[in-house]
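The residues making up each chain are set out below.
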Amino acid sequence: MEQNGENNLKEPLLAAASGASPAGASPRKERKTRKVMFSIRGISCASCAVSIETVVAALKGVESIQVSPLQGQAVVQYRPEETDTRTIKEAIEDLNFEVDELQEQEIAVCRLRIKGMACTSCSESVERALQMVPGVKKAAVGLALEEAKVHYDPNVTSRDLIIEAVEDAGFGADIISSGDDVNKVNLKLEGVDSPEDTKLIQSALEAAEGVNNVEWDTLEQTIKVAYDPDVTGPRLLIQCIQDAAQPPKCFKASLHSPPKQREAERNHEIRNYRNQFLWSCLFSVPVFLFSMVLPMLSPFRDWLSYRICNNMTIGMLLRWLLCSPVQFIVGWRFYIGAYHALKRGYSNMDVLVALGTNAAYFYSVYIALKALTSNSFEGQDFFETSAMLISFILLGKYLEVVAKGKTSDALSKLTELAPETACLLNFDKDGNVISETEISTQLLQRNDVIKIVPGEKVPVDGVVIKGQSHVNESMITGEARPIAKKPGDRVIGGTVNDNGCIIVKATHVGSETALSQIVQLVEAAQLARAPVQKLADKISRFFVPTVVVAAFLTWLAWFIPGQFHLYPRQWIPKGMDSFELALQFGISVLVVACPCALGLATPTAVMVATGKGASQGVLIKGGNALEKAHKLDSDYANPEVLQAFCNSNQRGVPWKHPFAFSCAVNVLVKAIIFDKTGTLTVGKPSVVQTKIFSNIPLLKLCDLAAGAEANSEHPLSKAIVEHTKKLREQYGSHSDHMMESKDFEVHPGAGVSANVEGKLVLVGNKRLMQEFEVPLSPEVEAYMSETEELARTCVLVAIEKTICGALAVSDPLKPEAGRAISYLNHSMGISSIMVTGDNWATAKSIAKEVGISQVFAEIDPVGKAEKIKDLQMQGLTVAMVGDGINDSPALAAADVGMAIGAGTDVAIEAADIVLMKSSLEDVITAIDLSRKTLSRIRLNYVWALGYNVLGMPIAAGILFPFTGIRLPPWLAGACMAASSVSVVCSSLLLQLYKKPLHVEDVPGPKDGSDLV
């Protein structure tokens, strides 16, 4: 954010909030009624409307219906638990009316926590199951985040049906939040003993101003209230409940905060895997000792070889008894996972593990039974293979979930930044402080006044109304230096007050704070699937079936030659035959293959990168933005060619042949386009010089210009208005009231026009004057050239189509602009281009000062987007950095849009990446972090694919004939577990990321004022 904090994120960055639903409340509870609109053809008179209303109103669950014969529409209010839109539609059609599809379809959003996903096949299965639910429009499932985001039509389906679909697919699901959870509070009630008390409280709340909806959970004695934060808040709602009690009754209401569900469930999963691993070790270690270690020791060998019945030995019986609990109790999870996977028509890691362990276990059971019933049969059992395999896989899953938990550390730290309590100030009618109350931060409301002493955290976003201090915003923006704050400056929730006591008025609370928006954006980014993930998705579809076929072919390749003695007998280990050797090779191939490592390669890296970027003040909206930013690479070419392209456009000269233009641009470097005002410059222009071209007094000229500009939000307009106010003070006038204007009109890229005091006033550049056919004298032309050569913007003021004066406006460059552009051009090999609506002379002067050689000037907002599309059509990957509403078309058109955090909400919404600190060094950070992340993803894929490509042939015994080296199944299982853990640990190395460029604050360029 800018140091003075005058700009801030005013609206949520995401459309839907992601707050957790309250524990104990009924998360599946839907709204009482829903509304649906039909378009009906064939209504000819009022009696038709009456007949429709009569039939539909008689349907069970329909509360009301209104039919408009003129518009041919029907609006129906109904209870979704008793009827649905299809039934209503069919009832109308039975009356011989034609009913179109639903109009203005309502789309709801909910987030689910998915339990039991192990690999990409699992996440794809959940996604397919969700998309098959009627009414679901879009579903995205994040493997690493273990969440799903579902867009659905609440008129067709419900959250209950969505959860059931996930459970039918063999996975667990819990509601995290729904799209209508914004501005809702959950309260725990005490003293409510009867239905009458419930009705009393509900009626009191519904009658309260600002309350939109009330939902009860009678089992948990909690209530969810939706409210308008501009009118009421949690404290007023609690007070309303308490006031509803009639003596001797007493109602108490308190904030009902859900536990940290994600962290609790992750800890539960870690404990679960750890306990399962320890239980499996309790049985597997003795099995391993009885089969591998003790037979080599003389006293134990004789005891284990003692025959109980026929050829059944004590050792074989002990291994069988100890292995069975591991196979069927500890390993039951693999059976369940394999069953649900095969039931849905896909395969996953559980299928491989179940096949491998069952092959080893049941073959060993066959050997044991043969030994029990025959005194001449000799065979080798593999009970240790089954038990050790399950133990190693559980160890790997335990290490994997521990490592995956660390990938979201950055996000967890962000959520913990806000303090739990705040000091609320209470005032009397005269505005004097009468008391200080420590309350929960969640009970704060808009316009509350809070006191923040040195060392305390700022609880919510607000504006300083009293006191001065320095605030450490590094945890939000990445800015290392504390920022000075004075009355009028904005502060961000979660930052730390360094020194000085400040009084702050709350402006954004709850889900509207900048901190909440950052968390929402990062969570959405981690849920979004990067395009590079498609590689793993494609592989996962045929990976497991291919492995099963490969394992079967491996068994055949060793069994058949063994039966026909095509390889030497000494290759077969002592105590085995050719079938058993072939079986071991086949099982090793089954369990060594690891689809999990492929599935985790991308999402874990994206999770770590987006979290790390957020901690550095760079908000990346998902893996798609990361991958696009990475494409801004250094296919370095001759910059003179790009200059020629720009020069040709400046002169308006088209290329003589399309092929010539294509050839020129195809060798161009990838480009990043900068807006000028507010991006390369500080964005706070000021009038530094005025010039009079007529007999009009200076104050009168400025008053007329300010009157015309007062309705404009452009930075230059604000500079003129501020200058006029200062000029009035110099002349002894302290009025802030601007002259009234009529017929105000904005001319994009040119200026404004208005009727002020009955006179046509034009304030703008040369283009505006030409549009209104205002003549420019040589004196005016000379002054414009002189001003623009000094990198100042010349604003002309014409009254009644006569230029009466001009104002020179200067906007100083950001201190880091020069170094950032130099680093992009020379160290990263990315061409920098400036596109601005300002005049050519000023644009060239600014560009020369920062080191940009390619410039497009005097371009309106639509023209900026068109320039980007021109470059894209030639195969270039183009990034755009901007801050204003006029930049939003270009930000949306660019491959990668980067919005300055202090910019407008529209620009932030249109961008792919938000730079919270408004510093140009973060442009470099965003591109460099994306490159590092994509490199890490590639490395993860190389490791995951390389492991499978090398591991499967070794497990199949390709080295055995030459070296005698083979991979036993239990060791193959350990390798499979290690591959997943190694991929997650590789992604965690992104936590060590450091910014490539640190620009120290240096004094900005000074532009002296020589006001007339």
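Bear in mind the structure is a predicted one, so any value in this text is a computation, not a measurement. (Residues numbered from 1 in each chain as written. Predicted model: local features only at pLDDT ≥ 70, side-chain atom pairs only at ≥ 80, totals over all residues. Heavy atoms only, no water.)

Here's the deal with the overall build of the chain
The following threshold applies: Only runs of H or I of at least four residues qualify as helices and only runs of E of at least two qualify as strands under DSSP, and these elements are numbered from the N terminus. Note on exposure labels: buried denotes an accessible area under 20% of the residue type's maximum, exposed denotes more than 50%, and partly exposed covers the range between, all computed with a 1.4 Å probe on protein chains only. Using a 1.4 Å probe, the Shrake-Rupley method yields the accessible areas, and only the shown protein chains count as cover for residues.
On a plain count of helices and strands, the chain comes out with 34 helices and 36 strands. Going through the 1012 residues of the chain one by one, you find that 54% of them count as buried. Of the roughly 43,600 Å² of accessible surface on the chain, a fraction of 56% belongs to carbon and sulfur atoms.

Some thoughts on the pattern of salt bridges
Heads up, the rule is: Salt bridge, as used here, is a side-chain nitrogen of Lys or Arg placed within 4 Å of a carboxyl oxygen of Asp or Glu.
By the definition in use, this model includes 17 salt bridges. Here Lys451 and Glu436 are joined by a salt bridge, their closest N and O atoms 3.2 Å apart. Of this pair, Lys451 sits in strand S17 (residues 449–452) while Glu436 sits in strand S16 (residues 433–440), and the two are 15 residues apart along the sequence. Relative accessible area serves as the criterion here: at 23%, Lys451 is assigned to the partly exposed category. For Glu921, the salt bridge identified is with Lys995, shortest N-O distance 3.8 Å. Of this pair, Glu921 sits in helix H32 (residues 921–955) while Lys995 sits in the segment after helix H34 (969–988), placing them 74 residues apart in sequence. Residue Lys995 is classed as buried on the basis of its relative accessible area, which comes to 7%. In this structure, a network of salt bridges that share partners links the residues Glu63, Arg79 and Glu82.

Some words on the packing of helix H23 (residues 698–709) against helix H24 (residues 715–730)
The criterion, for reference: Convention adopted: a line fitted to C-alpha atoms gives each axis, helices being fitted over their contacting stretch, and angles between N-to-C directions are expressed from 0 to 180 degrees. Crossing handedness is defined as follows: a turn of the near helix away from the far one that is anticlockwise and smaller than a right angle gives a left-handed crossing, while the clockwise case is right-handed. In what follows, a contact means two residues having at least one pair of non-hydrogen atoms within 4.5 Å.
Orientation of H23 relative to H24, taken along the N-to-C sense of each, is 140°, at an axis distance of 9 Å. Regarding H23 and H24, the two cross each other, and that crossing is left-handed. On the side of H23, the interface is formed by Leu698, Leu699, Cys702, Asp703, Ala705, Ala706 and Glu709, while H24 contributes Ser717, Ile720, Val721, His723, Thr724, Leu727 and Arg728.

Let's talk about the sheet that holds strand S10 (residues 211–217)
Using the following cut-off: Each pair of strands is called paired provided DSSP finds at least two bridges between the two strands.
The strand order across the open sheet formed by four strands is S10-S11-S9-S12, and the pairing between neighbours is antiparallel. Whereas interior strands pair on both sides, the edge strands pair on one side only; in this sheet they are S10 and strand S12 (252–255). Looking at each pair of strands side by side, their axes are set apart by 30° on average, direction ignored. As defined by bridge partners, S10 adjoins strand S11 (residues 222–227) across six bridges and the pair is classed as antiparallel. Bridging across to S11, Trp216 finds its partner in Ile223. Sitting on the sheet, helix H5 (residues 195–207) touches strand S9 (184–190), S10 and S11, and the angle it makes with S10 is about 160°. Running at roughly 30° to S9, helix H6 (residues 234–243) makes contact with S9, S10, S11 and S12 of the sheet.

Overview of the nonpolar core
Quick note on the threshold: Put simply, a nonpolar core is a bunch of buried Ala, Val, Leu, Ile, Met, Phe, Trp, Tyr and Cys residues held in one set by side-chain atoms that sit within 4.5 Å of each other.
Counting 86 residues, the largest nonpolar core has Leu112, Ile114, Leu130 and Phe171 as its most contacted members. Element by element, the count of residues in this core is highest for helix H18 (residues 595–615), at nine residues. With sequence-adjacent residues up to four places away left out, Leu112 is seen in contact with Glu146, Glu147, Ala148, Val150, Ile162, Ile163, Val166, Asp174, Ile175 and Ile176.

Here's the deal with the environment of Ile434
Residue placement: Ile434 occurs in strand S16. Looking at Ile434, the relative accessible area reads 55%, which means it is exposed. Ile434 has contacts with Asn426, Phe427 and Asp428, leaving out every residue within four places of it along the chain.

Details of the environment of Trp216
Mapping Trp216 onto the fold places it in strand S10. Given the relative accessible area of 8%, Trp216 is considered buried. Expressed as a C-alpha distance, the spacing of Trp216 and Leu187, which sit 29 residues apart in the sequence, is 9.9 Å.

Points about the packing of aromatic side chains
Heads up, the rule is: Geometry of aromatic contacts follows a simple scheme: Phe, Tyr and Trp rings, the Trp one being its six-membered ring, pair when their centres are within 6.5 Å, and the pair is stacked under 30 degrees between planes, edge-to-face over 60, tilted otherwise.
In total, this model carries 22 aromatic pairs according to the counting rule given. An angle of 40° between the planes, with centres 6.2 Å apart, marks the rings of Tyr363 and Tyr366 as tilted. Taken together, the residues span about one helical turn, with Tyr363 and Tyr366 both in helix H11 (residues 349–373) at a distance of three residues. For Tyr363, a relative accessible area of 10% corresponds to the buried category. Judged by its relative accessible area of 44%, Tyr366 is partly exposed. Seen in terms of ring centroids, Phe693 and Tyr783 are 6.0 Å apart; in terms of plane orientation they differ by 75°. Their pairing is edge-to-face. With Phe693 in the loop between strand S26 (686–692) and H23 and Tyr783 in helix H26 (residues 778–789), this pair connects stretches of sequence that are 90 residues apart. Classification of Phe693 as buried rests on a relative accessible area of 17%. One aromatic cluster is present, built from ring pairs that chain together Trp320, Phe328, Trp332, Tyr335, Tyr361, Phe362 and Phe383.

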